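What follows is each chain in one-letter form.
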There are 2 protein chains.
Amino acid sequence: MVSGVEQMELTSASLAALEKNIRTNLINSLSGFKAANLVGTIDAKGQTNLAVFSSAVHIGAHPPLQGLVFRPDSVSRHTFENIVETGVYTLNHINRDIYSQAHQTAARYDKDISEFDATGLTAEFVKGFAAPYVKEAVIQVGMEYREHHRLEINGTILLIGEVIAVRCPRHVMAADGFLDLESAGTLAIGGLDSYHQTCRLARMSYAKPDKPPRKL
Amino acid sequence: MVSGVEQMELTSASLAALEKNIRTNLINSLSGFKAANLVGTIDAKGQTNLAVFSSAVHIGAHPPLQGLVFRPDSVSRHTFENIVETGVYTLNHINRDIYSQAHQTAARYDKDISEFDATGLTAEFVKGFAAPYVKEAVIQVGMEYREHHRLEINGTILLIGEVIAVRCPRHVMAADGFLDLESAGTLAIGGLDSYHQTCRLARMSYAKPDKPPRKL
């Protein structure tokens, strides 16, 4: 703990005693900053869906896999059902120009209302791929569903998909493959509702035991 | 896709054809910004370990659960073994003052060398809890191991723990439970090696279908 400021320490008992909404906000803040994505899907009848997700997580590069955590019985169930039904979905990075609309996709719209229509974001279709991208997103990722795991501990679902398309401006990708998310305007999310731009401190070189840390 | 700049589109075939390190950097960038944490552990003999993780993910608030993704056979295997062995670990948010040392913990040190000693970060112990916190971290989270799942698709492991302690300055927590990660100096990670400060655009109010998006 840092000194010089008043500290607090919450134990299991004090966490359990918190009012439910307060605990939800607090626990959602503990992992740190989160990825800010819009997940685009479509059902078998052609009804599109768009939902903000802060739970995207890297699973592996060879093959290229990304995970998404779904809360049980949440507003995101339409997204989950569509992915399993059609086998495809998109990840679209949220940027400064669209974060307000992106957040609004979390509202509990009826299934027959597309969040694209409700929020004014634009569905962009690519030939041969059923799921809609978000046209306003600078970085777009096409995904194919692979598998999902239900976590018995609380009923959440970890869904895993394979990256089958990466679409972004050419200048965003560095020679070593690194995507400059900051130059693309990608935001980070804090807690359930806080949207943040970023400011790079440094890229660090590959860490080795016999060398001090160095900036790239 | 945005117009006015040269775009690129990588397909499955072009992704598979990329040189391995380039693909690793690229795919690690696709989920968006990631949480920046140091995970502190100890083995049954009292040997401490500290490792940078960008894969922390919120699993649920009731009970309060956080997940960590482990790559198979990676440098993080000591962390995984220690968590299963002792049942406890810590999450410590990486801030501006320690990101260089935090990154250095990714170096492949022998198991008998503590990354605390190697990097100059300070192990902080709390009575009744075996795992070390990082004293220099502003936000510290005490965790108890609950379960893990091996993902057959690529051998990665999703480990789930329950939050049993939250330690931070009192001013960081808002009245509604939200932790102001930005005021605590918590960083975000892009790709494998890029460390970023944040700048808040807004907190957004709870989204409802019949109301336009509003800032808090």
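Here the structure is a predicted model, which is why all the values come from computation and not from measurement.

A. Fine view of the overall build of chain A. Looking only at helices and strands, one finds five helices and 13 strands in chain A. Counting the 216 residues in chain A, one finds 59% classified as buried. Once local pairs closer than 6 in sequence are excluded, the contacts in chain A between residues at least 24 apart make up 58%. Charge separation in chain A, taken as the distance between the mean sites of 21 positive and 23 negative side-chain charges, equals 6 Å.

B. Up close: the interface of chain B and chain A. Counting residues at the interface gives 111 residues for chain B, matched by 111 residues for chain A. Note on chain B versus chain A: buried area summed over both sides is about 9900 Å², and carbon and sulfur give 61% of it. For the pair chain B and chain A, the number of links is six salt bridges. A salt bridge links aspartate 193 of chain A to arginine 203 of chain B; its shortest N-O distance comes to 2.8 Å. For the pair chain B and chain A, the interface holds 56 residue pairs in polar contact (both at pLDDT 80 or more). Per-class residue counts for the side of chain B that touches chain A are 54 nonpolar, 33 polar and 24 charged.

C. Local environment of the packing of aromatic side chains. Overall, the coordinates contain eight aromatic pairs over all chains when judged by the stated rule. Among the aromatic side chains, those forming a connected cluster through ring pairs are Phe53, Phe70 and Phe80 of chain A. The ring of tyrosine 133 of chain A is capped by arginine 167 of chain A, whose NZ or CZ atom sits 4.8 Å from the centre of that ring. The ring of phenylalanine 178 of chain B has arginine 203 of chain B lying over it, and the distance from NZ or CZ to the ring centre is 3.9 Å.

D. Inspection of the sheet that holds strand S12 (residues 188-190) of chain B at higher detail. Judged by pairing direction, the sheet is antiparallel, and its six strands sit side by side in the order S2(A)-S12(A)-S13(A)-S13(B)-S12(B)-S2(B) without closing on themselves. Every interior strand has two partners, whereas the edge strands, strand S2 (34-35) of chain A together with strand S2 (34-35) of chain B, have only one. With three bridges connecting them, strand S12 (residues 188-190) of chain A and strand S13 (residues 194-203) of chain A associate as antiparallel partners. Residue isoleucine 189 of chain A lies in a different strand from S13 of chain A, and its bridge partner there is tyrosine 195 of chain A.

E. Quick peek at the pairing of strand S3 (residues 37-42) of chain B. Residue and element names in this part refer to chain B. Across the six residues that make up S3, a large majority, six, are buried. Burial of the side chains of S3 extends over both faces: Asn37, Val39 and Thr41 are buried on one face and Leu38, Gly40 and Ile42 on the other. Bridge count between S3 and strand S4 (residues 48-53): six bridges; the pairing is antiparallel. Along S4, the bridge assignment pairs threonine 41 with asparagine 49. The antiparallel pairing of S3 with S4 creates a hairpin that spans five residues between the two strands, and glycine 46 there sits at a positive phi of about 95 degrees.

F. Molecular detail of empty space enclosed by the protein. Applying the stated criterion across every chain yields a total of one cavity of 30 Å³ or more. Roughly 30 Å³ of volume is contained in the largest cavity. Along its surface, the largest cavity is lined by Ser205, Tyr206, Ala207, Lys208, Lys211, Pro212, Pro213 and Arg214 of chain A together with Gln104 of chain B. Its residues placed into classes, the lining of the largest cavity shows four nonpolar, two polar and three charged.

G. How the structure looks around the relation of the copies chain B and chain A. Each copy superposes on the other: chain B lies on chain A with an RMSD of 0.0 Å after a rotation of 180 degrees and an axial shift of 0.0 Å. Between the two chains, the operation in question is that of a two-fold axis. Ranked by how close their C-alpha atoms come to the rotation axis, the residues of chain B are headed by threonine 198 of chain B, at 2.1 Å. A symmetric contact is evident, with 100% of the interface residues of chain B recurring at the interface of chain A.

H. Layout of the side chain of threonine 119 of chain B. Residues and elements named next belong to chain B. Counting through the fold element by element, threonine 119 comes out in helix H5 (residues 115-119). At 2.7 Å, the side chain of threonine 119 and the backbone oxygen of glutamate 115 are in polar contact. Ignoring any residue separated from it by four or fewer positions in sequence, one finds threonine 119 in contact with Gln101, Gln104 and Thr105.

I. Structural detail: the pairing of strand S13 (residues 194-203) of chain B. With seven of ten residues buried, S13 of chain B lies mostly within the body of the structure. When S13 of chain A meets S13 of chain B, the two strands line up antiparallel, connected through nine bridges. Paired with glutamine 197 of chain A across the strands is cysteine 199 of chain B, a residue of S13 of chain B. Counting the residues between successive antiparallel strands, the hairpin from S12 of chain B to S13 of chain B contains three residues, one of them, glycine 191 of chain B, with a positive phi of roughly 60 degrees.

J. Here's a closer look at the nonpolar core. If you look at the biggest cluster of nonpolar residues, it comprises 68 residues, and the most contacted ones within it are Ile139 of chain A together with Ile139 of chain B. Residue contacts for isoleucine 139 of chain A: discarding those within four places in its chain leaves Leu91, Asn92, His93, Arg167, Cys168, Val172, Leu179, Leu181, Ala184 and Thr186 of chain A.

K. Layout of the side chain of histidine 78 of chain A. Secondary-structure assignment places histidine 78 of chain A in helix H3 (residues 77-86). Setting aside residues no more than four positions away along its own chain, histidine 78 of chain A makes contact with Asn49, Tyr109, Asp110 and Lys111 of chain A.

L. Main features of the environment of arginine 77 of chain A. With respect to the secondary-structure elements, arginine 77 of chain A resides in helix H3. Sequence separation between arginine 77 of chain A and lysine 111 of chain A is 34 residues, and the spatial gap between their C-alpha atoms is 9.9 Å.

M. A look at the pattern of salt bridges. All names here are of chain A. For the coordinates displayed, the defined rule picks out 20 salt bridges over all chains. Note that aspartate 43 is salt-bridged to lysine 111, the shortest N-O span being 3.0 Å. In this pair, aspartate 43 sits in the loop between strand S3 (37-42) and strand S4 (48-53) while lysine 111 sits in the loop between helix H4 (99-104) and helix H5 (115-119), placing the two residues 68 residues apart along the sequence. A relative accessible area of 9% means that aspartate 43 is categorised as buried.

N. Representation of unusual backbone geometry within the structure. Backbone torsion omega between histidine 62 of chain A and proline 63 of chain A reads 5 degrees, so that peptide bond is classified as cis. You can see proline 63 of chain A is positioned in the loop between strand S5 (57-61) and strand S6 (64-70).

O. Spotlight on the environment of arginine 108 of chain A. The topology assignment puts arginine 108 of chain A in the loop between H4 and H5. Among residues more than four places away in sequence, those in contact with arginine 108 of chain A are Asp73, Ser74, Val75 and Arg77 of chain A together with Pro209 of chain B.

What counts as what
Residues numbered from 1 in each chain as written. Chains lettered and ligands numbered in written order. Predicted model: local features only at pLDDT ≥ 70, side-chain atom pairs only at ≥ 80, totals over all residues. Heavy atoms only, no water. Helix = DSSP H or I, 4+ residues; strand = E, 2+ residues; numbered from the N terminus. Buried < 20%, exposed > 50% of the residue type's maximum accessible area, 1.4 Å probe, protein only. Contact = heavy atoms within 4.5 Å. Lys, Arg positive; Asp, Glu negative; His and termini not counted. Charge placed at Lys NZ, Arg CZ, Asp CG, Glu CD. Buried area = accessible area lost by both parts, 1.4 Å probe. Salt bridge = Lys/Arg side-chain N within 4 Å of Asp/Glu carboxyl O. Polar contact = N/O pair within 3.5 Å; in protein donor to acceptor, adjacent residues only side chain to side chain. Nonpolar A, V, L, I, M, F, W, Y, C, P; charged D, E, K, R; others polar. Phe/Tyr/Trp six-rings, centres within 6.5 Å; stacked < 30°, edge-to-face > 60°. Lys NZ or Arg CZ within 6 Å of the ring centre and 35° of its normal. Pairing = 2+ DSSP bridges. 1 Å grid on protein atoms, 1.4 Å probe; cavity = no way out; pocket = protein on both sides within 12 Å on 5 of 7 lines; lining within 4 Å. Points joined across faces, edges and corners; volume = space filled by probe spheres on them. Least-squares fit on C-alpha atoms with pLDDT ≥ 70 in both. Core = buried A, V, L, I, M, F, W, Y, C linked by side-chain atoms within 4.5 Å.

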